Amino acid sequence: MKDVPVLLAALLLLTAQSAFADIGSRIWATGGVTTIEGSAGGGLVPWALLGSYASDEEWGGTLALSRAETDDYTLAVIGAGINWNNRVELTVARQSLDLDALVFTLSNGFGLEQDELNQDIFGAKIRLAGDVLYSPWGQWSAGIQYKRQRDFTVPAAIGARDDSGTDVYFSGSKVFFAALFDRNLLVNATARATRANQGGLLGFGGDRNNSYEVMAEASAGLFLNRRWLVGAEYRQKPDNLGFAGEDDWWDLFVAWVPDRRLAVTAAVVSLGDVATLEDQQGLYLSLQGSF
């Protein structure tokens, strides 16, 4: 897992060669953006959409750089994905979490001095049925995310059971034309089976619970025009660790798509209490290129 940046570069090169500089034929902004776990969607929640603009019999790809700054934490993410025939999406992401203020608590309570957590995520999503624009019941997809910690010292110290885990999710997305203020409205619902603590950054399972639970996630976005989308996301979380309770996540976002090859997303995020540090709120910014 140490060569993920090299894999990302190879993945992008393969995508660019396969696409022959063709951006794809799907309608503007129908690939969503890239989540913090690499899959196409919003910032926090995967959608049924597949990344890029690839339609049937086309290849497409994405590369995204994201960063979230809260009161006591900083999360940086690099992710990439390919889309084959608008049917299968394959993604990879590297997350790096600077613990900042938490390192003082950990060094005193557990004798630890690690100040960063890193996680690799490999994902696959398949479009099962429908189309987000034209099918009356929208588009439906199923996905899987394999997550692996690169250093398990901190998660193990606070009670996590495993350094790796797999999330499985099912998503449905639909665009309703002229639904609100004569603007198009996108809605998404996702059900995720997971054992991940803080998305996997604090390991998987714990002393309080070590079983899979189904968590609800949702997104809604209003297209002001084809270049601007505003909306909100909500992500329910399991509560596996006795060391510290885990709160649900939510955000308010705005996405700007000035060109079919570029998308910029900014958000206000609320992560609640994270590993005893309370009320983590802050800003999120993501840049995505499509190929």
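In case you missed it, the structure is sitting above this.
Here goes a summary of the coordinates provided. What you see is a predicted model, and the numbers here were worked out from it, not measured in a lab. (Residues numbered from 1 in each chain as written. Predicted model: local features only at pLDDT ≥ 70, side-chain atom pairs only at ≥ 80, totals over all residues. Heavy atoms only, no water.)

### Considering a nonpolar patch on the surface
- A cluster of nonpolar residues, Ile126, Leu128, Trp137, Trp140 and Phe170, forms a patch on the protein surface that exposes about 560 Å² of accessible area.
- Tracing the backbone through its elements, the reader meets Trp137 in the loop between strand 6 (116–130) and strand 7 (139–149).
- A residue is classified by how much of its surface remains accessible, and Trp137, at 72% relative accessible area, is exposed. (Patch = residues over 30% accessible without salt bridge, like charges linked within 9 Å, V, L, I, M, F, W, Y side chains within 5 Å. Areas by Shrake-Rupley, 256 points an atom, 1.4 Å probe, with all protein chains shown as cover. Salt bridge = Lys/Arg side-chain N within 4 Å of Asp/Glu carboxyl O. Helix = DSSP H or I, 4+ residues; strand = E, 2+ residues; numbered from the N terminus. Buried < 20%, exposed > 50% of the residue type's maximum accessible area, 1.4 Å probe, protein only.)

### Digging into the packing of aromatic side chains
- All chains considered together, the criterion is met by two aromatic pairs.
- An angle of 20° between the planes, with centres 5.6 Å apart, marks the rings of Trp140 and Phe170 as stacked. Linking Trp140 in strand 7 with Phe170 in strand 8 (residues 164–180), this pair joins segments that are 30 residues apart in sequence.
- Where Trp228 meets Trp256, the ring centres are 5.8 Å apart and the plane angle is 20°; that geometry is what we call stacked. A residue pair is termed long-range when its members are at least 10 positions apart, and Trp228 in strand 11 (residues 228–235) and Trp256 in strand 12 (residues 249–259) qualify at 28 residues.
- When the ring centre of Tyr53 is taken as reference, the NZ or CZ atom of Arg260 above it lies at 4.4 Å. (Phe/Tyr/Trp six-rings, centres within 6.5 Å; stacked < 30°, edge-to-face > 60°. Lys NZ or Arg CZ within 6 Å of the ring centre and 35° of its normal.)

### Re the side chain of Asn209
- Its place among the elements puts Asn209 in the loop between strand 9 (183–194) and strand 10 (213–223).
- A distance of 3.0 Å separates a polar side-chain atom of Asn209 from the backbone oxygen of Ser211.
- For Asn209, the side chain forms a polar contact with the side chain of Glu213, separated by 3.3 Å. (Polar contact = N/O pair within 3.5 Å; in protein donor to acceptor, adjacent residues only side chain to side chain.)

### Examining empty space enclosed by the protein
- Within the structure shown, the criterion is met by six cavities of 30 Å³ or more.
- The space that makes up the largest cavity amounts to roughly 330 Å³.
- As for the largest cavity, its lining consists of 28 residues, of which Ile36, Leu75, Leu201, Trp249 and Leu271 are closest to the centre.
- Those elements giving two or more residues to the lining of the largest cavity turn out to be strand 3 (59–70), strand 5 (88–98), strand 11, strand 12 and strand 13 (262–274). (1 Å grid on protein atoms, 1.4 Å probe; cavity = no way out; pocket = protein on both sides within 12 Å on 5 of 7 lines; lining within 4 Å. Points joined across faces, edges and corners; volume = space filled by probe spheres on them.)

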